[in-house]
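Coordinates in review
Each chain, letter by letter, is given below.
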Amino acid sequence: MTLLEENGALRIGDLTEMFEVSNETVRRDLAVLEEQGLLTRTRGGALAESVRMETSFQRRMRENGTEKLQIARIAASYVQNGSTIIIDSGSTMAHLVRQLRSKRDLVVITNGITHVEDLLGNPTLTVVVTGGQMRRATMGAAGPLAVESLSSLHADHTFIATHGFSADAGMTYPSFDEVAVKRAMIGAGAEVTLLADGTKSGRASMVKVAPLTELNRIITSQPISVSEQSKIRDLGVELIVAESSDSPGLRLAGPTARAPGGEQ
């Protein structure tokens, strides 16, 4: 059970080698643990019950979690006390929301329903939630109602998420409804920053949200190719690549990767 909680899933073959027992012994033990409600057997192994019950959003929160946290920490350094900001839905944005606990007197506009509880934990923040139809995949509101509510608002800074980005294709996303919301968020922000881990670099989805030239900066992580970095910077978009590090501090990659105030 300790191994299962650490790894989320285990294969029968791995367990037989580890404990030097037969497949039948492992299967019997897994059956007993399943009867106790401690795991879920699968073909060829077992899943931790916590993993089986996860939503797709919760899984994305765990995926590339270190990189997303690093990105969020850098993004939070651009948030000034007393400002009005828009925060998109999504797992990387959830990490950003948690980095705002030390900020004061913000007005935060968001379509992310999972962000609200964390934001309300800071009594100095004013939280504005867009209307719209909730999408389970992103836990965000979308559709005409969300777009309409954003069209009458203005923010100092918009933090946007996407499914894929590249210098050639721009920002892309697989859902028409959410694309309209993202475009409205971009239009409402005086400054716009894309937060997307490096796995989204070079990826193109069905619907184009906007060209990268509509962004002030992109905060991402490895892997992002050197050629893609060069193309993005040639567009005049600031690119910050957060590097994972064993130390608690941040290490920023690239000649233009500077925090506010010019600190490397």
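Shown above is the structure to which this text applies.
Now for a look at the structure at hand. (Residues numbered from 1 in each chain as written. Predicted model: local features only at pLDDT ≥ 70, side-chain atom pairs only at ≥ 80, totals over all residues. Heavy atoms only, no water.)

**Looking at unusual backbone geometry**
In this structure, the amide linkage connecting Gln222 to the following residue, Pro223, adopts the cis form with an omega of 5 degrees. Looking at the secondary structure, you find Pro223 in the loop between strand S14 (217-221) and helix H11 (226-234). We note that Glu20 has phi near 55 degrees; this positive angle belongs to a residue other than glycine. Relative accessible area serves as the criterion here: at 72%, Glu20 is assigned to the exposed category. Despite not being glycine, Met139 shows a phi value in the positive range, around 55 degrees. Tracing the sequence through the fold places Met139 in the loop between strand S7 (133-135) and strand S8 (140-142). The exposure class of Met139 is partly exposed, given its relative accessible area of 27%. (Helix = DSSP H or I, 4+ residues; strand = E, 2+ residues; numbered from the N terminus. Buried < 20%, exposed > 50% of the residue type's maximum accessible area, 1.4 Å probe, protein only.)

**Observations regarding the nonpolar core**
Within the largest apolar cluster, 31 residues are counted, with the highest numbers of intra-cluster contacts made by Leu215, Ile218 and Ile232. Put simply, the parts of the chain that give this core at least two residues each are helix H9 (144-151), strand S11 (170-173), helix H10 (176-188), strand S12 (192-195), strand S13 (207-210) and strand S15 (238-243). Looking at this core, the element that brings in the most residues is H10, giving six residues. In this structure, Ile218 is in contact with Phe165, Leu194, Leu212, Ile232, Val237, Glu238, Leu239 and Ile240, ignoring residues within four places of it in sequence. (Core = buried A, V, L, I, M, F, W, Y, C linked by side-chain atoms within 4.5 Å. Contact = heavy atoms within 4.5 Å.)

**Concerning the pairing of S15**
Most of S15 sits inside the fold, with six of its six residues counted as buried. Burial along S15 is two-sided: Glu238, Ile240 and Ala242 facing one way and Leu239, Val241 and Glu243 facing the other are all buried. The pairing of S14 with S15 spans five bridges and is parallel. Each residue of the ladder has a partner; that of Thr220, found in S15, is Val241. (Pairing = 2+ DSSP bridges.)

**Thoughts on the layout of surface pockets**
There is about 220 Å³ of room inside the second largest pocket. As for the second largest pocket, its lining consists of 13 residues, and the residues nearest its centre are Met1, Leu15, Phe19, Leu30 and Leu33. Counting residues per element, the lining of the second largest pocket draws most heavily on helix H3 (residues 23-35), which supplies five residues. Counted by class, the lining of the second largest pocket contains 11 nonpolar, one polar and one charged residues. (1 Å grid on protein atoms, 1.4 Å probe; cavity = no way out; pocket = protein on both sides within 12 Å on 5 of 7 lines; lining within 4 Å. Points joined across faces, edges and corners; volume = space filled by probe spheres on them. Nonpolar A, V, L, I, M, F, W, Y, C, P; charged D, E, K, R; others polar.)

Take it as geometry only, folks, not as evidence of what the structure does.
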